[in-house]
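Examination of the molecular architecture
Chain residues, written in single-letter form:
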Amino acid sequence: MASSGRRLAAVALIAVAGLTLAACNTGQETPPGGLSTNSAGTPVTGGTLNMLGKGDVDYMDPNVSYYSVGYLNLRLWSRQLFTYPAEPGGKNTSPVADLATEIPTAANGGISADGKTYTIKIKPGAKWNTSPARQVTAADLVRGVKRTANPVQPFGGSPDFAALLVGYQAFAEGFAKVPKTAAAIQAYLEKTPLPGVVAKDETTVEFKLTQPATYFVDMLTLPAFSPAPVEVLKYLPGSTELGNNSPSDGPYKVDSWVPTKSITYSRNPAWDPATDPVRKAYVDKVVVNETVSQDSVQQQLQTGTPSADMEFDVAPPPSQLPALQAKKDPNLTIGDTAGSNPYVIYNTVSPNNNKALANPKVRQALSYAINRDHILQVLGGKTLNPPLTHVLPDVIVGSKQIDPYPYDPDKAKQLLAEAGFPNLTLKFLYRNAAEGSSKAFQTIQQDLSKVGITVTGVPSPNADFYVKYLQVPTVAQRGVWDLSLAGWGADWYGNAALSFFNPLFSGKPSFPPVGSNFGLYDDPETNTLIKQAIAAPTTDQAAELWAKADARVMDQAAFYPLTNNKQANYHAEQVKNAVYVPSLQNYDPTNVWLAKGKQG
C-alpha cells in the first residue's frame with residue numbers, strides 16, 4: 001500500500017512521508033502485538049467518534065484504494081473475504097474469515113490437491129444496504145475483482161496477482177482499451193469472463209491460480225478483493241459520485257463525502273453483527289474532519305476537545321514524540337510495521353540535468369551523499385525509526401542484511417565526476433503540511449549541498465501528492481520532480497517479498513497507475529530475478545532469490561531506503577479499546593467505544 005500497504009498495498013505516514021499500507025508497543029513499552037490502550041471497563045454503545053486529519057482517502061472505492069488511510073475508511077463500510085482482526089497478542093497479522101465462512105484448507109476442501117484452485121463460500125446473511133437489502137453474492141465478488149483492472153483507475157497493487165490469477169493479464173489488457181465511460185466499462189465487465197475468478201453458485205466463488213501460492217489467503221485480505229454490487233457500475237471507478245452512492249455491507253454507511261473536507265458515516269441497518277466476527281461497531285456515528293493541521297490534531301486530542309477522539313491520516317508530530325514517550329503517556333501507541341517508510345525515490349526517467357538520474361552511477365552517488373542518520377534524527381530518532389539499508393524489512397522472508405551505501409560524501413563526489421555530472425540541480429517533491437516530510441526534504445537538501453548538488457523544493461498538498469504527482473507517470477517523465485519521499489508496507493506478512501518487488505521494482509508492469517514504481521525503474525536483471533523468485537518451488541529457494549533481487553535493486557540504486565519505521569498513534573482519553581492494527585496503521589475505529597458522558 002503506497003502506503004498499503006499495504007497497503008499494504010501501496011499503502012502514508014503523514015508525520016513522516018505518508019501513511020503506508022502495512023505489531024505493537026504502547027508508550028509504556030509493553031510487548032508487541034497490537035495491544036489495546038485504555039480498554040478497561042464494560043463496552044459502551046452509542047455516540048459519535050470524531051476523527052481529525054489533514055488529508056483524504058485516495059479513493060472511496062474498495063477495488064481501487066491502495067493506501068492505508070483508504071483502508072481505514074473502508075474498514076467501516078466494506079467487508080472482504082478475509083481480514084485482520086483487532087486482537088492483541090500478535091493475532092492482528094493473521095487473517096480470519098470475514099465474509100467467507102472459513103479459511104480454506106486442503107482438509108476442508110477449500111484448496112485443491114495441486115494447490116491451484118481455491119473454493120470459498122460467502123456467509124449467508126451478509127447483505128448490502130440496498131432497498132430491499134439483499135445477500136452479498138459470489139457474482140458480486142467476481143465483479144469486484146474484475147473492477148481492479150478498470151481503465152479509469154486500476155488497482156495499484158495488481159502486480160501482486162496479475163500473473164497469478166488465470167486469465168487476469170489478458171482480461172486487464174482488453175479492459176485497458178475500453179472507453180473510459182461508465183457504460184463501456186459495464187459492458188466489458190459483464191460480457192468478458194475472467195477465467196481465474198468464477199461464481200459457482202450464489203455464494204460460492206472459485207479462484208484458479210497459475211501456480212500454487214501459500215500466501216493466497218493473505219492476499220485476499222486486500223480490499224481490492226471486495227465484492228462490488230451491481231449498483232456501482234452506474235459510476236466511474238474511484239469517482240466522488242461513486243463514493244457518495246456505494247452500497248455498504250459493513251456496519252456503517254457513507255452518508256456524505258466531501259473530498260479533502262469531511263466524511264460522515266452512520267449505522268447500516270442491513271448489517272447483521274452475527275455475520276461479522278471482526279467489527280463490534282460500538283459507536284453510532286463517525287465524523288471525519290479533514291481540515292485540521294497536524295499540530296492542532298495533537299493538541300485537541302491531548303486537551304480533551306469534545307470534537308476530537310482519534311487521528312485520521314496524521315500521527316503525533318515527530319518533535320513531540322520524545323516527550324510523550326518520556327512521560328509514558330497511556331494514550332500513545334508505538335506499533336511495529338512491516339514496511340519501508342519513508343524512502344527516497346529517484347526519478348530514473350527525469351529529463352532534467354541531461355537525464356543524469358538515468359545513470360546508476362549518479363544514483364549511487366546520491367545514495368552515498370545522503371546521511372541516513374541525519375534524516376532519522378529529524379523523524380524522531382532511531383528508536384522510532386530503526387535504520388533500513390536495503391529493500392526488505394527483517395520480518396519478510398528473503399531479507400538479508402546489507403548496507404551498500406554508508407555515508408561517504410567523498411565517494412559521492414568521485415562518482416559524480418566519473419559520470420560527468422559534478423554539479424546537479426534537482427527538484428524534490430514533498431508534502432509541506434507534514435512536519436516529517438518537510439524536515440526530511442530540508443535535511444536531504446543540506447546533505448546534497450555538501451557534494452555540489454542544489455535541491456529545490458516542489459511542495460504538494462497531502463491530497464495531491466499521490467493522485468496528482470506520483471501516480472501519474474507523465475509527471476515524472478516531464479521532470480516535474482527528480483526526488484521524492486514515499487512509504488511502503490507489506491500487503492501481507494511473512495512470505496510477502498512479492499508485495500514489495502512486484503509493485504515497486506518489476507519494470508513496466510509496475511509503472512503507475514497499475515503499480516507503485518513511481519521512479520519508473522526498469523532493469524532486465526531485476527525483472528528476471530523477481531520472476532525466478534516467484535516461481536521458486538520452496539520458500540527457502542525463494543528467500544535466496546529475493547535476497548539476490550534485493551542486492552540487485554540496491555546495486556542499481558533504484559531508491560534509497562531509510563527505515564522500517566514504527567507507527568506512532570495517539571487517541572483522546574475517552575477512547576477505549578483502541579487496538580492498533582498494522583494493516584490500517586491506526587486503531588480500528590469499528591472496535592473502539594467512548595466513555596460515558598464523553599460521546600462526542
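It should be emphasised that the depicted structure is a prediction, and the values quoted were computed from it without experimental measurement. (Residues numbered from 1 in each chain as written. Predicted model: local features only at pLDDT ≥ 70, side-chain atom pairs only at ≥ 80, totals over all residues. Heavy atoms only, no water.)

1. Points about the overall build of the chain
Heads up, the condition is: Secondary structure follows DSSP: runs of H or I at least 4 residues long count as helices, runs of E at least 2 residues long count as strands, and numbering of each begins at the N terminus. Here the globule rule is a power law, 2.2 Å times the number of residues to the power 0.38, and the radius of gyration is based on C-alpha atoms. Under the scheme applied here, a residue whose accessible area is under 20% of the maximum for its type counts as buried, over 50% as exposed, and between as partly exposed, the area being computed with a 1.4 Å probe on protein chains only. Computed by Shrake-Rupley with a 1.4 Å probe, the accessible areas treat only the displayed protein chains as cover when residues are assessed. Charged residues are defined narrowly, with Lys and Arg counted positive, Asp and Glu counted negative, and His plus the chain ends left uncounted. Every charge is mapped to an atom, namely NZ of Lys, CZ of Arg, CG of Asp or CD of Glu.
The secondary structure content of the chain amounts to 18 helices and 27 strands. Compactness check: the chain gives a C-alpha radius of gyration of 23 Å against a globular reference of 25 Å for 600 residues, within 12% of the reference. If you line up the chain on its principal axes, its C-alpha atoms span 70 × 55 × 45 Å. By the burial criterion, 64% of the 600 residues in the chain qualify as buried. Of the roughly 19,900 Å² of accessible surface on the chain, 53% is carried by carbon and sulfur atoms. Here the chain contributes 50 positively and 50 negatively charged side chains, and the mean placements of these two sets differ by 3 Å.

2. Focus: the environment of Leu164
The test is simple: Whether two residues are in contact is decided by their heavy atoms: any pair within 4.5 Å suffices.
Secondary-structure assignment places Leu164 in the loop between helix 2 (138-147) and helix 3 (168-175). Among the residues examined, Leu164 registers a relative accessible area of 4% and is labelled buried. Counting along the chain gives 45 residues from Leu164 to Leu209, while the straight-line C-alpha distance between them is 5.4 Å. Leu164 has contacts with Lys208, Leu209, Thr210, Gln211, Ala213, Tyr215, Phe216 and Met219, leaving out every residue within four places of it along the chain.

3. Structural notes on the packing of aromatic side chains
Put simply, the test is: Here the aromatic set is Phe, Tyr and Trp, taking the six-membered ring for Trp, and pairing holds for ring centres within 6.5 Å; pairs whose planes are under 30 degrees apart are stacked, those over 60 apart are edge-to-face, and all others are tilted.
Under the counting rule described, the total for this entry stands at 24 aromatic pairs. When the centroid spacing of 5.5 Å and the interplanar angle of 45 degrees are considered together, the rings of Phe428 and Phe441 count as tilted. Here Phe428 is found in strand 19 (residues 424-431), whereas its partner Phe441 is found in helix 13 (residues 435-449), with 13 residues between them in sequence. This pair shows no difference in class: Phe428 is buried, exactly as Phe441 is. Judged by centre distance (5.2 Å) and plane angle (55 degrees), the rings of Phe505 and Phe559 are tilted. Residue Phe505 is located in helix 16 (residues 498-505), and its partner Phe559 is located in strand 22 (residues 559-561); the two are separated by 54 residues in the primary sequence. Owing to a relative accessible area of 5%, Phe505 belongs among the buried residues under this scheme.

4. Topic: helix 4 (residues 182-191)
As a reminder of what qualifies: Here, the arc refers to the directions that run from the helix axis to the C-beta atoms.
Burial in helix 4 covers these residues: Ala182, Ala184, Ile185, Tyr188 and Leu189. Angularly, the buried residues of helix 4 cover 165 degrees about the axis, an arc narrow enough to put them on a single face. Relative to its buried face, helix 4 has exposed residues pointing more than 90 degrees away, namely Ala183 and Lys191. At its buried positions, helix 4 is contacted by helix 2 and helix 3.

5. Section: the pairing of strand 21 (residues 483-489)
For clarity, the cut-off: Two strands form a pair only when DSSP identifies at least two bridges running between them.
Across the 7 residues of strand 21, 7 count as buried, placing the element largely inside the fold. Neither face of strand 21 is left uncovered, since the one carrying Leu483, Leu485, Gly487 and Gly489 and the one carrying Ser484, Ala486 and Trp488 both have all their residues buried. Note that strand 18 (residues 339-346) and strand 21 share 6 bridges and pair antiparallel. Among the inter-strand pairings, Tyr343 is bridged to a residue of strand 21, identified as Ala486. Relative to strand 21, strand 19 runs parallel, the two sharing 2 bridges. The residue bridging Leu429 from the neighbouring strand is Ser484, located in strand 21.

6. Comments concerning the packing of helix 16 against helix 18 (residues 539-555)
What counts, and what does not: Lines fitted to C-alpha atoms define the axes, with helix axes restricted to the stretch in contact, and inter-axis angles between N-to-C directions lie between 0 and 180 degrees. Helix crossings fall into two classes, left-handed where the near helix is turned counterclockwise from the far one by less than a right angle and right-handed where it is turned clockwise. Basically, the charged four are Asp, Glu, Lys and Arg, the nonpolar ten are Ala, Val, Leu, Ile, Met, Phe, Trp, Tyr, Cys and Pro, and anything else, Gly included, counts as polar.
Where helix 16 meets helix 18, the closest approach of the two axes is 11 Å, and the angle between their N-to-C directions is 35 degrees. When you trace helix 16 past helix 18, the crossing you get is left-handed. Where helix 16 abuts helix 18, its residues Leu498, Phe501 and Phe505 lie against Trp546, Ala549, Asp550 and Val553. In terms of residue class, the contact of helix 16 with helix 18 is built from 6 nonpolar, no polar and 1 charged.

7. Some words on the packing of helix 16 against helix 17 (residues 524-535)
Between helix 16 and helix 17, whose axes approach to 11 Å, the crossing angle comes to 150 degrees. Read as a crossing pair, helix 16 and helix 17 show a hand that is left-handed. Between helix 16, through Leu498, Phe501, Asn502 and Phe505, and helix 17, the contact on the second element is made entirely by Thr526, Asn527, Ile530 and Ile534. Here the contact of helix 16 with helix 17 is composed, by residue class, of 5 nonpolar, 3 polar and no charged.

8. Thoughts on the layout of surface pockets
Short version of the rule: As defined here, a cavity is a set of points on a 1 Å grid over the protein atoms alone where a 1.4 Å probe fits but cannot get out. A pocket is an open set with protein on both sides within 12 Å along at least five of seven lines, and residues line them when an atom is within 4 Å of a point. Grid points are joined across faces, edges and corners, and a volume is the space filled by probe spheres set on the points.
For the largest pocket, the calculated volume is near 670 Å³. Lining the largest pocket are 29 residues, and of these Ser158, Pro159, Ala162, Gln169 and Pro509 lie nearest its centre. Sorting the residues of the lining of the largest pocket by element identifies helix 3, helix 16 and helix 17 as the ones contributing at least two each. Here the residues of the lining of the largest pocket sort into 16 nonpolar, 9 polar and 4 charged. In this structure, the second largest pocket spans a volume of roughly 290 Å³. Surrounding the second largest pocket, 17 residues form its lining, Pro212, Tyr215, Asn495, Ile534 and Ala536 being those nearest its centre. At the level of elements, helix 17 and helix 18 are the ones that each hand at least two residues to the lining of the second largest pocket. Of the residues in the lining of the second largest pocket, the class split is 12 nonpolar, 5 polar and no charged.

9. Re the nonpolar core
Going by this rule: The term nonpolar core refers to a set of buried residues drawn from Ala, Val, Leu, Ile, Met, Phe, Trp, Tyr and Cys, joined through side-chain atoms within 4.5 Å.
In this structure, Leu81, Leu165, Phe207, Phe216, Met219 and Phe501 are the most contacted members of the largest nonpolar core, which totals 161 residues. Non-local contacts of Phe207, meaning those with residues more than four positions away in its chain, are made with Leu81, Lys116, Thr117, Tyr118, Ile120, Leu141, Leu165, Gly196, Val197, Phe216, Leu220 and Phe225.

10. Regarding the pattern of salt bridges
Stated precisely, the cut-off is as follows: Should a side-chain nitrogen of Lys or Arg be within 4 Å of a carboxyl oxygen of Asp or Glu, the pair is scored as a salt bridge.
In the structure shown here, the tally under the stated rule is 23 salt bridges. For Arg75, the salt bridge identified is with Asp588, shortest N-O distance 2.9 Å. Of the two residues, Arg75 sits in helix 1 (residues 68-77) while Asp588 sits in the loop between strand 26 (586-587) and strand 27 (593-594), which places them 513 residues apart along the sequence. Pair check on accessibility: Arg75 and Asp588 agree, each one buried. Put simply, Arg552 and Asp555 hold a salt bridge, and the shortest N to O gap is 3.6 Å. Of this pair, Arg552 and Asp555 both sit in helix 18, separated by 3 residues, roughly a single helical turn.

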